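Chain by chain, the residues run as shown.
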Amino acid sequence: MENATLHAFNRLAFGPRPGDLELEGQQLEEQVEAQLHPSGIDDQAVEEELSGLDALNLSGLELIRKYPERRDQRIGLEQLTHAKLIRALKSERQLNEVMVDFWYNHFNVFAGKGACRVLVPSYEREAIR
């Protein structure tokens, strides 16, 4: 059963976390079913950790106004990268994060191109997430 459990967590998450490989049978099925409905999974701890990353909630225009200097406009991209790592490591909504990562990669926008560096956080939030 461990191979099936390992396979499930490698597909539905960013790999197993401590305690995941001990899940078997019904517990594993319940975990998979829960992942299919991410809005029902409490992820408040991650949301609280992300609350300090203000660029995640600003529009591109708001980011430009807040960081008018070109050298500061990378802050949004840096915060988005930080948020992606936090979510991949700590989110209880692992399948949702795997799917966000998949679609973000599939519809990738080059962040180094002009205004894209400012627009990427709102693009990820509004178009992908």
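Read on for an overview of the structure. (Residues numbered from 1 in each chain as written. Predicted model: local features only at pLDDT ≥ 70, side-chain atom pairs only at ≥ 80, totals over all residues. Heavy atoms only, no water.)

**Focus: the side chain of Arg 87**
Piece 1. Looking at the secondary structure, you find Arg 87 in helix H5 (residues 75–90).
Piece 2. No salt bridge is formed by the buried Arg 87. Its closest oppositely charged neighbour is Glu 97, at 4.2 Å.
Piece 3. Here Arg 87 is in contact with Val 46, Leu 50, Gln 94, Glu 97, Glu 124 and Arg 129, once residues within four sequence places are set aside. (Helix = DSSP H or I, 4+ residues; strand = E, 2+ residues; numbered from the N terminus. Buried < 20%, exposed > 50% of the residue type's maximum accessible area, 1.4 Å probe, protein only. Lys, Arg positive; Asp, Glu negative; His and termini not counted. Salt bridge = Lys/Arg side-chain N within 4 Å of Asp/Glu carboxyl O. Contact = heavy atoms within 4.5 Å.)

**Re the side chain of Thr 5**
Piece 1. Within the secondary structure, Thr 5 sits in helix H1 (residues 2–12).
Piece 2. Within the local environment of Thr 5, its side chain forms a polar contact with the backbone oxygen of Leu 23, the two atoms lying 3.2 Å apart.
Piece 3. The residues touching Thr 5, leaving out its near neighbours within four places in the chain, are Asp 20, Leu 21, Leu 23 and Leu 28. (Polar contact = N/O pair within 3.5 Å; in protein donor to acceptor, adjacent residues only side chain to side chain.)

**Thoughts on the pattern of salt bridges**
Piece 1. Under the counting rule described, the total for this entry stands at nine salt bridges.
Piece 2. For the salt bridge of Glu 97 with Arg 129, the shortest nitrogen-to-oxygen distance reads 2.9 Å. Remark: Arg 129 occurs in the segment after helix H7 (116–128) and Glu 97 occurs in helix H6 (residues 94–106); sequence separation between them is 32 residues.
Piece 3. For Arg 129, a relative accessible area of 34% gives the class partly exposed.
Piece 4. Several salt bridges share partner residues, and in doing so they unite Lys 84, Glu 97, Glu 124 and Arg 129 into one network.

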